[in-house]
Amino acid sequence: MRVGATPLAETVVARVRAAHLGDELVFVFGSGCCEGTAPHLFARYTLTPEQEPVGAVAGVGVFADAHVRRLYRDRTIVIDAEADPLADGFSAEIPLGWRFVLRLA
Amino acid sequence: MPEYQLYIDGQLCDAEGGRTADSINPATEEPWARVARASRKDTQRAIAAARRAFDEGPWPRMSQADRAKILNQVADGLEARSQELAAVETHDSGGTIRKTSGDMMMGAAQLRYFAEMAPKLPLWEEIQVPQFPAQSKNYLQREPIGVCGQIIPWNFPLMMAVWKIGPALCAGNTLVLKPASDTPCSALELAKIIDQTDLPKGVLNVIHGSGAECGEELCTSPLVDKVALTGSTEVGRRVQQLASGTIKKVTLELGGKSANIILDDADLEMAVDGSLFGCFFHQGQACESGTRLFVSEKLHDEVVGRLVERTKPLTVGDPMDFATCQGPLISARQRETVLGYIKKGVDEGAKVAVGGKRPEHLAKGYYVEPTIFVDVKNNMTIAQEEIFGPVLCVIRYKTIDDAIRMANDSIYGLGGAVWSRDKEKALVVAKQMRTGTVWVNEYHLLSVAAPFGGYKQSGIGREFGLEGILEYTEVKHVHVDQVDNRGGKFWYGALFGA
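Residues numbered from 1 in each chain as written. Chains lettered and ligands numbered in written order. Predicted model: local features only at pLDDT ≥ 70, side-chain atom pairs only at ≥ 80, totals over all residues. Heavy atoms only, no water.

### Considering empty space enclosed by the protein
Residue and element names in this part refer to chain B.
Then step 1. Per the counting criterion, the structure on display carries 4 cavities of 30 Å³ or more.
Then step 2. Approximately 100 Å³ is the volume found for the second largest cavity.
Then step 3. In terms of lining, the second largest cavity is formed by 17 residues, of which the most central are Thr251, Leu252, Gly461, Arg462 and Glu463.
Then step 4. Elements with a contribution of two residues or more to the lining of the second largest cavity: helix 5 (157–170), strand 11 (226–230) and strand 12 (249–253).
Then step 5. When its residues are assigned to classes, the lining of the second largest cavity shows 7 nonpolar, 4 polar and 6 charged. (1 Å grid on protein atoms, 1.4 Å probe; cavity = no way out; pocket = protein on both sides within 12 Å on 5 of 7 lines; lining within 4 Å. Points joined across faces, edges and corners; volume = space filled by probe spheres on them. Helix = DSSP H or I, 4+ residues; strand = E, 2+ residues; numbered from the N terminus. Nonpolar A, V, L, I, M, F, W, Y, C, P; charged D, E, K, R; others polar.)

### Brief notes about the confidence of the model for chain B
If pLDDT is low for a region, its predicted coordinates should not be looked at in detail.
Then step 1. In the predicted model, chain B carries a mean pLDDT of 97, and the fraction of residues at 70 or more is 100%.
Then step 2. This prediction of the complex comes with two scores: 0.96 for pTM and 0.93 for ipTM. (pLDDT = per-residue confidence, 0-100.)

### Some points on the confidence of the model for chain A
Then step 1. Chain-level pLDDT for chain A is 92 on average; 98% of the residues reach the 70-or-more range.
Then step 2. Here helix 2 (residues 66–71) of chain A stands out as the least confident element of chain A, with mean pLDDT 86; helix 1 (residues 7–19) of chain A is the most confident, with 97.

### Quick look at the interface of chain A and chain B
Then step 1. Residue-level contacts link 31 residues of chain A with 44 residues of chain B.
Then step 2. Taken together, the two surfaces of chain A and chain B that pack against each other cover about 2,900 Å², and 52% of this comes from carbon and sulfur.
Then step 3. For the pair chain A and chain B, the interface holds 1 salt bridge.
Then step 4. The shortest N-O distance in the salt bridge between A:Asp88 and B:Lys178 comes to 2.7 Å.
Then step 5. One can count 12 residue pairs in polar contact (both at pLDDT 80 or more) joining chain A with chain B. (Contact = heavy atoms within 4.5 Å. Buried area = accessible area lost by both parts, 1.4 Å probe. Salt bridge = Lys/Arg side-chain N within 4 Å of Asp/Glu carboxyl O. Polar contact = N/O pair within 3.5 Å; in protein donor to acceptor, adjacent residues only side chain to side chain.)

### Topic: the packing of helix 7 (residues 211–220) of chain B against helix 8 (residues 233–244) of chain B
Residue and element names in this part refer to chain B.
Then step 1. For the pair helix 7 and helix 8, interaxial distance at closest approach is 7 Å and the crossing angle is 45 degrees. As summarised for this structure, helix 7 and helix 8 are arranged oblique, according to the angle between their axes. Each of Glu216, Cys219 and Thr220 in helix 7 lies in contact with helix 8, whose residues at this interface are Arg238, Val239, Leu242 and Ala243.
Then step 2. Residues belonging to the contact of helix 7 with helix 8 are distributed by class as follows: 4 nonpolar, 1 polar and 2 charged. (Axes fitted to C-alpha atoms, helices over the stretch in contact; angles between N-to-C directions. Parallel < 35°, antiparallel > 145°, perpendicular 65-115°, else oblique.)

### Section: the sheet that holds strand 20 (residues 439–440) of chain B
Residues and elements named next belong to chain B.
Then step 1. Across the sheet, which stays open at both edges, the 7 strands sit in the order 15-16-17-14-13-19-20 with mixed pairing between neighbours. Each having just a single partner strand, strand 15 (351–354) and strand 20 make up the two edges of the open sheet.
Then step 2. The sheet contact formed by strand 13 (residues 259–262) and strand 19 (residues 416–419) spans 4 bridges and is parallel. When the bridges of strand 19 are listed, isoleucine 261 appears paired with valine 418.
Then step 3. Where helix 11 (residues 332–347) meets the sheet, its contacts fall on strand 15, strand 16 (371–374) and strand 17 (391–397), and the angle it forms with strand 16 comes to roughly 20 degrees.
Then step 4. In the packing of helix 13 (residues 400–408) onto the sheet, the strands contacted are strand 13, strand 14 (292–296) and strand 17, and the crossing angle to strand 17 comes to about 140 degrees. (Pairing = 2+ DSSP bridges.)

### Considerations on the sheet that holds strand 1 (residues 3–4) of chain B
Residue and element names in this part refer to chain B.
Then step 1. Taken in spatial order, the 3 strands line up as 1-5-4 in an open sheet, and their pairing is mixed. Among the strands making up the open sheet, the edge pair consists of strand 1 and strand 4 (20–25).
Then step 2. Where strand 4 meets strand 5 (residues 30–36), 6 bridges bridge the pair, whose relative direction is antiparallel. Within strand 5, the position partnered with threonine 20 by the bridge is alanine 36.

### Re the packing of aromatic side chains
Then step 1. Scanning the entire structure with this criterion turns up 14 aromatic pairs over all chains.
Then step 2. Centroid distance A:Phe27 to A:Phe100: 5.1 Å. Interplanar angle 70 degrees. Geometry classified as edge-to-face. One end of the pair, A:Phe27, is in strand 2 (residues 25–29); the other, A:Phe100, is in strand 7 (residues 98–104), with 73 residues separating them in the sequence. Of the two residues, A:Phe27 and A:Phe100, both sit in the buried class.
Then step 3. Through a chain of ring-to-ring contacts, the aromatic side chains of B:Phe132, B:Phe490, B:Trp491 and B:Tyr492 assemble into a single cluster.
Then step 4. Stacked on the ring of B:Tyr472, the Lys or Arg B:Lys226 has its end atom at 4.1 Å from the ring centre. (Phe/Tyr/Trp six-rings, centres within 6.5 Å; stacked < 30°, edge-to-face > 60°. Buried < 20%, exposed > 50% of the residue type's maximum accessible area, 1.4 Å probe, protein only. Lys NZ or Arg CZ within 6 Å of the ring centre and 35° of its normal.)

### Overview of the side chain of B:Arg292
Then step 1. Structurally, B:Arg292 can be placed in strand 14.
Then step 2. Comment: no salt bridge for buried B:Arg292; closest opposite-charge side chain is B:Asp409, at 6.6 Å. (Lys, Arg positive; Asp, Glu negative; His and termini not counted.)

### Let's talk about the layout of surface pockets
Then step 1. Estimates place the volume of the largest pocket at around 1,000 Å³.
Then step 2. Elements that contribute at least two residues to the lining of the largest pocket include exactly strand 6 (76–83) and strand 7 of chain A together with strand 4 and helix 11 of chain B.
Then step 3. Taken together, the residues of the lining of the largest pocket sort by class into 19 nonpolar, 5 polar and 14 charged.

Have a look at this one:
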């Protein structure tokens, strides 16, 4: 599994980092249900033993557990960002008006 | 366009800075309502109102009978406007009008259950304990926990609101409810109904905002005592982490990939329709949906034939039309996710027996055809991950033990079912399924009197029944000494010596 990002996503990550100075950020993935495998950017998140590093976006580590690694095995996924005034999740870019999405390269 | 405000401290109000967002109708893909969008500050105001109402207001100290009366007033209000609210719910969520009409009536009935339970809560009871070393009388006092943050999803917006506010209010708590950003309107209508009842101000607050701002504030504020979430397992993990800083009570109702097992002696007409109801109801957007169907090698082809035959006539279209069987999914994002899983199923070698794509006759709306996969192995992605759409996986089993083993081979354990003409045989299977609810010859029928919740990563805690209401109470043990003299307290020798 390989992880890339669009320039827009990298800009949004930089903005989130500026809003969370001093906090460690990580990307993890949703587990199905209401948000599919959407990428979540969290500050001060406790990784589970199952979540392994699979790449980095703008200096932020990306971690995925076994089912996500299997889902995207031999694929490149690209983290992009969309403007979304109605985003509901807990991901850190949402208060800034963005929502990270996953695209397949 | 209808407009909705937040409901904080007994007042309808705008959000900070007048911020709003438009709610999209999933059938038309067009904005249909404008809703105030809460900030972290708005959430703090709502929490402060709930805190004041709990610490200083009459609600927690009100008699149980008076609380019951008010819950019944809410039920009356909901019943009186149920048709109107069903339409609001359909516009907001894409649920068919058949489904949302049922939701409103069930919601009112469920509120009445919580009203009925209020006077029955054992708030003060004497218990018997071993009378050694001390003679004592012992009592349990049950009190409301305090301020509850409640976060709900978009699949059954009004019912989810009732499932949360019902037990919380029954036990005397105050609360801040955050409906899903996609479907805020029915909860905000409920707030208007509640505003007309005798519920003291500040007891119930409704805010519309994101998890990252409002949800996070509810989880981390030291003024909130308990958080209850219905949502995805990943969000559940995050909520638990955020709440851990202040050791909040947390109940979580999360995802599922429930197993539905048809035994060889099942009534096939009933089992087939029941299994389709179990998977396709509300377009598969229910956490307890029976999305893995286990059928024996012997019955497989006949069952699949019947499933496909019963699926083909299901009409997909305008959810406001009473003739419609399947409405749209909640959003473009969700449709993309479901189509992605369908592609993954095909890529991994499963076969589409029916459906598998967007309906050709519908240019607008987030629709996906009800889809059945065959030749599914239990370890495929589509069999292990929650798709949250109308996608059924049919998996063959050789023996019943095989079926049970595969049923339990999941990180989830929320729902499940067994179909058999021999109910005793079905019970033997049901008892071995590691899951929170098992239906025998049925699916989806939850009862407000029976606990509902998950084993494993499907959640923590239970909703409904006395168990569910007690999750909204703290319990205090009061020990009253009956020895009544210093001489009798020989155990003080541990400190003072003989």
